[in-house]
Amino acid sequence: MTASNLSRPVRLLAISGSARHGSLNRQLVDLAARKAQALGAEVTHVDLRELGMPVYDDDWAAAHGKPEGALKLRELFASHDGLLLSCPEYNALPTPLLINSFDWLSTVSAHEGLPSGTGATSGKPVGLMAASPGALGGLRALPIVRTYLSTNFAMVVVPEQLGLPLADQQFDEAHGLKKPDLDKVLDRLVASVLRQARWRIAEEA
């Protein structure tokens, strides 16, 4: 990276661990993305379901190679500086969609100038969110996601996080958060991701 890159916008991915229509987690990460854009970032939204990755299976990979979706996800991480991620909990765990997608990503090798899947994520900041209509707001799964991304993918998970309880009641007609205190938490999370991303860009210049 050259010094001229210091003036470019931070590029973030926005991913929801739930792909269903009307997903509360998609609404939450979309709001975080809008906040990041208001602070000058460029945001690319990624629908994990559209990447079309099969259930992880070494025999499938031996017969067919890596799924195109896994290669695409590696390319996206390689060209972006950080991640905004909102994932609900299923039985106190992250969603199968999220884990399956990242497990495939972890198997992608470096090729033709692009890093490996884990090389593309290494050192990049991520802000974690969860939304649930329940009282806990997905909080039981967030520590697992934090460990998974920081250990297996060497991502820098910022300290700020947001678990949004009763999420079906929390959004207003403008798709913002009704409660100012929760909105401020999200503001701090987004700002922290951007700050970490800018530091990383400066260090690599």
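Structure: see above.
Residues numbered from 1 in each chain as written. Predicted model: local features only at pLDDT ≥ 70, side-chain atom pairs only at ≥ 80, totals over all residues. Heavy atoms only, no water.

Participant: How do you make sense of the overall build of the chain when you look at a structure like this?
Facilitator: Broken down by element type, the chain carries seven helices and seven strands. On C-alpha atoms alone, the chain measures out to a radius of gyration of 17 Å, which is about the 17 Å that the 2.2 N^0.38 rule sets for 205 residues. In the chain, buried positions account for 47% of the 205 residues. Once local pairs closer than 6 in sequence are excluded, the contacts in the chain between residues at least 24 apart make up 77%. For the chain, the exposed area adds up to about 9700 Å²; of that, 53% sits on carbon and sulfur atoms. (Helix = DSSP H or I, 4+ residues; strand = E, 2+ residues; numbered from the N terminus. Rg over C-alpha atoms; globule rule 2.2 N^0.38 Å. Buried < 20%, exposed > 50% of the residue type's maximum accessible area, 1.4 Å probe, protein only. Contact = heavy atoms within 4.5 Å. Areas by Shrake-Rupley, 256 points an atom, 1.4 Å probe, with all protein chains shown as cover.)

Participant: Just to check I follow, could you spell out the packing of aromatic side chains for this structure?
Facilitator: Geometrically, a pair of aromatic rings is defined through the distance of the ring centres and the angle of the planes. Applying the stated criterion across every chain, the model contains five aromatic pairs. Aromatic side chains F102 and F153 sit 5.4 Å apart centroid to centroid with 90° between the ring planes, which places their arrangement in the edge-to-face category. In this pair, F102 sits in helix α4 (residues 96–106) while F153 sits in the loop between α6 (142–152) and β7 (156–164), placing the two residues 51 residues apart along the sequence. The class of F153 is buried, set by a relative accessible area of 1%. By the ring-pair criterion, three or more aromatic residues cluster together here, those being F77, F102, Y148 and F153. (Phe/Tyr/Trp six-rings, centres within 6.5 Å; stacked < 30°, edge-to-face > 60°.)

Participant: Would you explain the pairing of strand β2 (residues 42–46) in this entry?
Facilitator: Each regular strand carries side chains that alternate between the two faces of the sheet. Examined bridge by bridge, strand β1 (residues 11–16) and β2 share five bridges and lie parallel to one another. By the bridge assignment, A14 is partnered in β2 with H45. Remark: the β1/helix α1 (residues 24–38)/β2 crossover connection has right-handed handedness. (Pairing = 2+ DSSP bridges. Right-handed = clockwise from strand over helix to strand, strands pointing away.)

Participant: Help me understand the sheet that holds β1 in this model?
Facilitator: Consider a sheet: its strands pair through backbone hydrogen bonds, and that pairing is either parallel or antiparallel. The five strands lie next to each other as β2-β1-β3-β6-β7, forming an open sheet whose pairing is parallel. Strand pairing shows two members of the sheet lacking a second neighbour, β2 and β7, which therefore form its edges. Within the sheet, the average angular offset between the axes of one strand and its neighbour, ignoring direction, is 20°. Against the sheet, helix α3 (residues 68–78) makes contact with β1, β2 and β3 (82–86), and its axis sits at roughly 165° relative to β2, the strand it touches most. (Axes fitted to C-alpha atoms, helices over the stretch in contact; angles between N-to-C directions.)

Participant: Is there a simple way to think about the packing of α4 against α6 in this case?
Facilitator: Angle between the axes and distance between the axes: these two values describe a pair of packed helices. Two elements in contact, α4 and α6, have axes whose closest approach is 12 Å; the angle formed by their N-to-C orientations is 5°. Taken together, the axes of α4 and α6 lie roughly parallel to each other. Contacts from L98, I99, F102 and D103 of α4 reach α6 at V145, Y148 and L149. Looking at side-chain class alone, the contact of α4 with α6 contains six nonpolar, no polar and one charged residues. (Parallel < 35°, antiparallel > 145°, perpendicular 65-115°, else oblique. Nonpolar A, V, L, I, M, F, W, Y, C, P; charged D, E, K, R; others polar.)

Participant: Hey, could you run me through the packing of α3 against α4 in this one?
Facilitator: Remark: α3 packs on α4, axes separated minimally by 9 Å, with the N-to-C direction vectors making an angle of 80°. Considering their axes alone, α3 and α4 lie roughly perpendicular with respect to each other. Contacts between α3 and α4 involve A70, L73, R74 and F77 from the first element and S101, F102, W104 and L105 from the second.

Participant: Please clarify how unusual backbone geometry should be interpreted in this entry.
Facilitator: Most peptide bonds take the trans form, and the phi angle of most residues other than glycine is negative. Here E112, not a glycine, exhibits a phi torsion of approximately 50°, which is positive. Examined against the element boundaries, E112 turns out to sit in the loop between α4 and α5 (117–121). The exposure class of E112 is exposed, given its relative accessible area of 71%. Even without being a glycine, H175 presents a positive backbone phi close to 65°. Tracing the sequence through the fold places H175 in the loop between β7 and α7 (180–204). Take H175: its relative accessible area is 49%, and that puts it in the partly exposed class.

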